[in-house]
Amino acid sequence: MSLTRITACLGLGLLAIPGCDAPDDEGELGFRAGARHKPALYNTGSYNVHLERSLRFNPQPPGSDADAGRATFGVAADLETQDDTSAIFEGDSPVAGHTVVSNGRVCFTCHRGASLDFGMPPPPVSDSIALSDPLFTGIDADAQGDPDAMLNLDQLALFKIRPNRFNPTRSDSDPFRQVFGWRKSPALTNVGLAHGFLTDVRGRTMFETARGAAFSHTQETDERFDDLFSQQQGDDIGAFLFEQVSDPALLALRDPGDPGHQALADDPFATVPVSTPAQHRGQKVFEKYCYGACHNTPNVFNSLENVEAVGNGERPTSFAPQAPAIGKAYNVGISEANLNNLRFTRDNGDGTFTPIVLPLAAEDGALVEYEVAIDVGLAATSGRYEDVGRFKVPALRNVAAHAPYMHDNSIDTLEGVVDYFCSDEYNDSKDGQLYPIDLNAQQRADLIAFLEIL
Ligand code: HEC
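In what follows, the accompanying structure is described. Keep in mind the model is a prediction, meaning the values are calculated, not measured.

Core analysis: the biggest nonpolar cluster contains 35 residues, and V272, F286, F301, L447, F450, L451 and L454 have the highest contact counts within it. Elements with a minimum of two residues in this core: α13 (277–291), α16 (414–421) and α18 (441–451). With 5 residues, the single largest contributor to this core is α13. If near-sequence neighbours (up to four positions away) are discounted, L451 is found in contact with F286, V399, L414 and V418. In this structure, I129, F344, A362 and I374 belong to the second largest nonpolar core, which totals 34 residues.

This is the structure in structure tokens:
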């Protein structure tokens, strides 16, 4: 595909239309049935064609109570101290088929209070959280005996997650059930201004996301216990989290009826305290390379592309496990770079490891037997070859306080992130080829000065 063609497609917003996203030369770039993974030169995968750039967010669930949600989350009214009185999930569960006994983990265990924007302290984690905390003692809730888990948790603040762990339509031996990633626990402040939840955007509603979290942090087994996690509790957690914003002014973005809404929609930088010449110049660099490409939600700077979530935050009785994501995810090459050298083979429990081979559907209809060697991102949920390595565009407010960066905490500083986006790894990545970035020393310094005040 020529550069002109790409520009034309981008300008017209036609990336989802065949011919605008398909490679010219199938022989060189395409996929064949049964072929092993072969990196494509261009991002050949279209996205959900219904994605729209509209300012709509998961609504506050009717009848929900944010303060009850805070208690269910496991944090006291100061938003800093753990209080697990109402946050432990356990008891007789006919759905699970046995009595669920909690390991003491609550949401707060991995989302440690407002001063950390409800994310994790920087690693090594044991410098700030005692080894006797349920974070460490309950590690097998996510790790299930994995030998890399303790090191990855303590040194990198990463958790083992299996996207299809509680998907009742997949059997234990299904590779989709086995595939896993090592992911950070992201900051939750401003999560009510996000489209799609979790680092790979697989969470479509807050209810679904919170319920999955409760299932996975409480116990070592893969059993669902829907009967111990009520609609009300999930809604209350949603109400609590949707109130957590880095700047109270941002709440107006969630509400089109708010008098402040339009000002924030019209001026993407209305709430950013830009003052010095370097910050002003940095804003221009950001507008061109970051806002203009992917970080395009005004004043929040995650991706605005979205479709309205099915069920609208309520609990649908039958929620198709393979429904498409409601937000847009990108492949910027971080998974492929695997800078922390993480392992993605299945632990057999006896010192041996087996590659996981995912049968993925390519857009041309071919089946790709994909041997997993990196975090496959959204593809683990969607089953689409084109979604390999695609992750969520994080919100950037207060980003200077959120190190380390990326879904796998693989870059330690903002300088490192900017340098990554100027590197060949990024520019050769699937989306880097569509949104190339090359900054001179001045632009780099200015951009960092701007990012530091977000
Ligand atoms: C064991 C650690 C742990 C616990 C306990 C935990 N989380 Fe998380 N949380 C994570 C990790 C890791 C991710 C990212 C997972 C991924 O990307 O697949 C995450 C992601 C999230 C997100 C998505 C944020 C975003 O930007 O999209 C939400 C919302 C969330 N958690 C809410 C909760 C709630 C509510 C609870 C309690 C019911 C909870 N978490 C308990 C580790 C944890």
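The next subject is the packing of helix α9 (residues 206–218) against helix α10 (residues 231–242). Packing of α9 against α10 leaves a shortest axis separation of 9 Å and a crossing angle of 110°. Between α9 and α10, the angle is such that the two are roughly perpendicular. Counting all contacts with α9, which are made through M206, F207 and A210, the residues of α10 involved are Q231, G234, D235, I237, G238, L241 and F242. Residue classes in the contact of α9 with α10 are distributed as 6 nonpolar, 3 polar and 1 charged.

Here we take up the coordination of the iron atom of the ligand. The protein gives the iron atom of the ligand a lone donor atom, H111 (NE2), placed 2.1 Å from the metal. Mapped onto the fold, H111 is located in the loop between α4 (107–110) and α5 (134–137).

With that settled, consider the environment of E371. Relative to the assigned elements, E371 resides in strand β11 (residues 367–371). According to the relative accessible area criterion, E371 is partly exposed, its value standing at 37%. Linking E371 and I356, residues 15 residues apart in sequence, is a C-alpha distance of 5.9 Å.

This brings us to the site of the ligand. C107, C110, H111, L198 and T199 are the nearest of the 25 residues found near the ligand. A distance of 2.9 Å separates a nitrogen atom of the ligand from a polar side-chain atom of H111. In the model, an oxygen atom of the ligand is placed 2.6 Å from a nitrogen or oxygen of the L198 main chain. Broken down by element, the residue count for the shell around the ligand peaks at 6 residues, all from α9. Broken down by class, the residue content of the shell around the ligand amounts to 15 nonpolar, 5 polar and 5 charged.

Applying the stated criterion across every chain yields a total of 20 aromatic pairs. An angle of 45° between the planes, with centres 5.2 Å apart, marks the rings of F89 and F229 as tilted. A residue pair is termed long-range when its members are at least 10 positions apart, and F89 in the loop between α3 (66–73) and β2 (91–93) and F229 in the loop between α9 and α10 qualify at 140 residues. Pair check on accessibility: F89 and F229 agree, each one buried. Judged by centre distance (6.2 Å) and plane angle (80°), the rings of F269 and F286 are edge-to-face. Taken as a pair, F269 in the loop between α12 (261–266) and α13 and F286 in helix α13 lie far apart in primary sequence, 17 residues in all. With respect to class, F269 is no different from F286; both count as buried. An aromatic cluster is built from F269, F286, Y291, F301 and F450, whose rings are joined through pairwise contacts.

Another point: the environment of N164. Of note, N164 is situated in the loop between β4 (158–161) and α8 (175–178). Looking at N164, the relative accessible area reads 2%, which means it is buried. For the pair N164 and P175, spaced 11 residues apart in sequence, the C-alpha separation works out to 9.5 Å. Other than its neighbours up to four places away in sequence, N164 contacts R170, F176, R177 and A380.

Turning to the environment of I453, a few remarks are in order. In this structure, I453 sits in the segment after α18. Remark: the alpha-carbon pair of I453 and Q279, spanning 174 residues in sequence, is separated by 8.2 Å. Apart from the residues within four sequence positions on either side, I453 is in contact with V272, P273, V274 and Q279.

Summarising the element assignment, R105 is placed in the loop between β3 (98–100) and α4. The exposure class of R105 is buried, given its relative accessible area of 2%. Polar contacts involving the side chain of R105 include one to the main-chain carbonyl oxygen of G138, which spans 3.5 Å.

Criteria and thresholds
- Residue numbers here run from 1 along each chain, matching the order of that chain's written sequence.
- Given that the model is predicted, a residue must reach a pLDDT of at least 70 before its local features are reported, and side-chain atom pairs must reach 80 or more before they are shown or counted; all residues, however, enter totals for whole chains, interfaces and linings.
- As a rule here, side-chain values come from all non-hydrogen atoms in the structure, and water together with hydrogens is ignored.
- Only buried residues count toward a nonpolar core, which is a set of Ala, Val, Leu, Ile, Met, Phe, Trp, Tyr and Cys residues joined through side-chain atoms within 4.5 Å.
- Buried residues are those whose accessible area, probed at 1.4 Å on protein chains only, stays under 20% of the maximum for their type, while exposed residues exceed 50% and partly exposed ones sit between those limits.
- Here a strand is any run of E in DSSP of at least two residues, a helix any run of H or I of at least four, and the numbering for each starts at the N terminus.
- By the convention used here, residues are in contact when the closest approach between their heavy atoms is within 4.5 Å.
- Axis definition: a line fit to C-alpha positions, over the contact stretch in the case of helices; interaxial angles, taken between N-to-C directions, run 0 to 180 degrees.
- Oblique is the label for any angle not under 35 degrees, not over 145, and not in the 65 to 115 range, which are roughly parallel, roughly antiparallel and roughly perpendicular in turn.
- Ten residue types, Ala, Val, Leu, Ile, Met, Phe, Trp, Tyr, Cys and Pro, are classed as nonpolar, four, Asp, Glu, Lys and Arg, as charged, and the remainder, Gly among them, as polar.
- For Na, K and Ca the donor cut-off is 3.2 Å; for every other metal, N, O and S atoms count as donors within 2.8 Å. Water does not enter the count, which can leave sites looking incomplete.
- Any residue with a non-hydrogen atom lying within 4 Å of a molecule or strand is treated as near it.
- Under this definition, polar contacts are N or O atom pairs within 3.5 Å; protein pairs additionally need one hydrogen-donor-capable and one acceptor-capable atom, and for neighbouring residues in sequence, both atoms have to be side-chain atoms.
- When two rings of Phe, Tyr or Trp (its six-membered ring) have centres within 6.5 Å they constitute a pair, described as stacked for plane angles under 30 degrees, edge-to-face for angles over 60, and tilted for the intermediate range.

It is worth stressing that arrangement in space is one thing and function is another; only the former is reported here.
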